[in-house]
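Structural description and commentary
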Amino acid sequence: MNTSHTPGPVARRPTRQQAYSGQAHSYDRDTGVFQSYRRQLVEALPLDRGQVVLDVGCGTGLCSGLLRDKVGLRGGVVGIEESPQMAAVACERIALEGWRNVTVVQSPAEDARIAPAADAALFCAVHDILQSPGALRNVLARLRPGAWVAAGGGKWATPALMGMNLLIGVMHAPYVGSFSGFSRPWRHLEQLVEDVQVREMGFGSGYIMTGRVPGPAPAPRAGLA
């Protein structure tokens, strides 16, 4: 990464879990402006009714309801969240909404165990997870051959936009353990999937990437709607 992109105050960040634990109860309010972007990312993930999707780094569950709408009542959403505080808020949301087909696994993505295999995975604003090859390999191992994945979040804009990159650093600093790879956050994931497509947004300050686990696409599950 070109370190000239990185504002000085965000050079040293806490670990992934530390970065989120203190933000759990204010996260929805602090990041509410990005909900339309979350909708765009969820819409970019091909899903059929009745399928099971992993919400990797689900946080407080802001994407869970959107994913549930796509897979229907007979489908399922499984959130994976390392921070106990964030997972607790997500569970509160699930209970309040009465989402019986949404669950949360409180675990680092590197160690999460999901059974049976899922049909798709979403990585929304989880930069540190995307920089962990071990986490990506573990998540993709929980997917069926041909499963679709979608990833999105913030990134450094072109180096010429120094003012924008300063703002990007300030905005993302509370939620990013390390800015390593922030110029191309999907760099590890794109090596593990095929049919990769990347769309940059906001003058290069954000992106949506889609790809597919090698193998035939999973068919919709019989009898589910």
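No experiment lies behind these values; they were computed from the predicted model shown.

1. Notes on the overall build of the protein chain
Helix and strand counts for the protein chain come out as 8 helices and 7 strands. By the burial criterion, 53% of the 225 residues in the protein chain qualify as buried. With the model as given, the accessible surface of the protein chain reaches about 10200 Å², and the carbon-plus-sulfur share is 55%.

2. Re the pattern of salt bridges
On inspection of all chains with the given rule, the structure shows 5 salt bridges. As a salt-bridge pair, Asp 195 and Arg 212 come within 2.9 Å of each other at their nearest N and O atoms. Of this pair, Asp 195 sits in strand E6 (residues 194-201) while Arg 212 sits in strand E7 (residues 206-212); the two residues are 17 residues apart in sequence, bridging distant segments of the chain. Classification of Asp 195 by relative accessible area gives partly exposed; the value is 43%. Among the residues examined, Arg 212 registers a relative accessible area of 14% and is labelled buried. Put simply, Glu 194, Asp 195 and Arg 212 are held in one network by salt bridges that share partners.

3. A short note on the confidence of the model for the protein chain
For the protein chain, per-residue confidence averages 87 on the pLDDT scale, and residues scoring 70 or more make up 82% of the total. Predicted confidence is poor over residues 1-14, with pLDDT under 50, and the contacts of this stretch with residues over four places away or in other chains come to 27 contacts.

4. Here's the deal with the sheet that holds strand E4 (residues 118-124)
In spatial order, the strands read E3-E2-E1-E4-E5-E7-E6; together these 7 strands make up an open sheet with mixed pairing. Looking along the sheet, the strands with just one partner apiece sit at the ends: strand E3 (102-106) and E6. Taken over all neighbouring pairs, the strand axes of this sheet differ in orientation by 15 degrees on average, direction set aside. Running at roughly 155 degrees to strand E2 (residues 76-81), helix H4 (residues 64-71) makes contact with strand E1 (52-56), E2, E3 and E4 of the sheet.

5. Observations regarding the packing of helix H3 (residues 35-44) against H4
One way to put it is that H3 packs onto H4 with a least axis distance of 10 Å and a crossing angle of 35 degrees. As for the relative orientation of H3 and H4, their crossing is right-handed in sense. Seen from H3, the contacting residues are Gln 35, Arg 38, Arg 39, Val 42 and Glu 43; seen from H4, they are Leu 66, Leu 67 and Lys 70. Residues of the contact of H3 with H4, tallied by class, amount to 3 nonpolar, 1 polar and 4 charged.

6. Some points on the environment of Ala 135
Here Ala 135 shows up in helix H7 (residues 133-141). As a C-alpha pair, Ala 135 and Asp 111 span 24 residues in sequence and 7.5 Å in three-dimensional space. Among residues more than four places away in sequence, those in contact with Ala 135 are Ala 109, Glu 110 and Ile 129.

7. Section: the packing of aromatic side chains
Any aromatic ring pair is given by two values, namely how distant the centres are and how the planes are angled relative to each other. Tallying each qualifying case throughout the model produces 4 aromatic pairs. Residues Trp 156 and Phe 182 carry aromatic rings whose centres are separated by 5.0 Å and whose planes lie at 75 degrees to one another, so their mutual orientation is edge-to-face. Of this pair, Trp 156 sits in the loop between strand E5 (143-154) and helix H8 (162-172) while Phe 182 sits in the loop between H8 and E6, and the two are 26 residues apart along the sequence. By relative accessible area, which is 1% here, Trp 156 ends up buried. Among the residues examined, Phe 182 registers a relative accessible area of 1% and is labelled buried. Grouping aromatic residues by their ring pairs yields a cluster made of Trp 156, Phe 179 and Phe 182. The ring of Trp 148 has Arg 212 lying over it, and the distance from NZ or CZ to the ring centre is 6.0 Å.

8. A look at unusual backbone geometry
With an omega dihedral of -5 degrees, the bond running from Ala 115 to Pro 116 counts as a cis peptide bond. Summarising the element assignment, Pro 116 is placed in the loop between E3 and E4. Unlike most non-glycine residues, Ala 125 shows phi in positive territory, near 55 degrees. Assignment of secondary structure puts Ala 125 in the loop between E4 and helix H6 (127-130). By relative accessible area, Ala 125 is classed as partly exposed at 32%. One non-glycine residue, Asp 195, lies in the positive phi region at around 55 degrees.

What counts, and where the lines are drawn
Residues numbered from 1 in each chain as written. Predicted model: local features only at pLDDT ≥ 70, side-chain atom pairs only at ≥ 80, totals over all residues. Heavy atoms only, no water. Helix = DSSP H or I, 4+ residues; strand = E, 2+ residues; numbered from the N terminus. Buried < 20%, exposed > 50% of the residue type's maximum accessible area, 1.4 Å probe, protein only. Areas by Shrake-Rupley, 256 points an atom, 1.4 Å probe, with all protein chains shown as cover. Salt bridge = Lys/Arg side-chain N within 4 Å of Asp/Glu carboxyl O. pLDDT = per-residue confidence, 0-100. Contact = heavy atoms within 4.5 Å. Pairing = 2+ DSSP bridges. Axes fitted to C-alpha atoms, helices over the stretch in contact; angles between N-to-C directions. Left-handed = near helix turned anticlockwise from the far one by under 90°. Nonpolar A, V, L, I, M, F, W, Y, C, P; charged D, E, K, R; others polar. Phe/Tyr/Trp six-rings, centres within 6.5 Å; stacked < 30°, edge-to-face > 60°. Lys NZ or Arg CZ within 6 Å of the ring centre and 35° of its normal.

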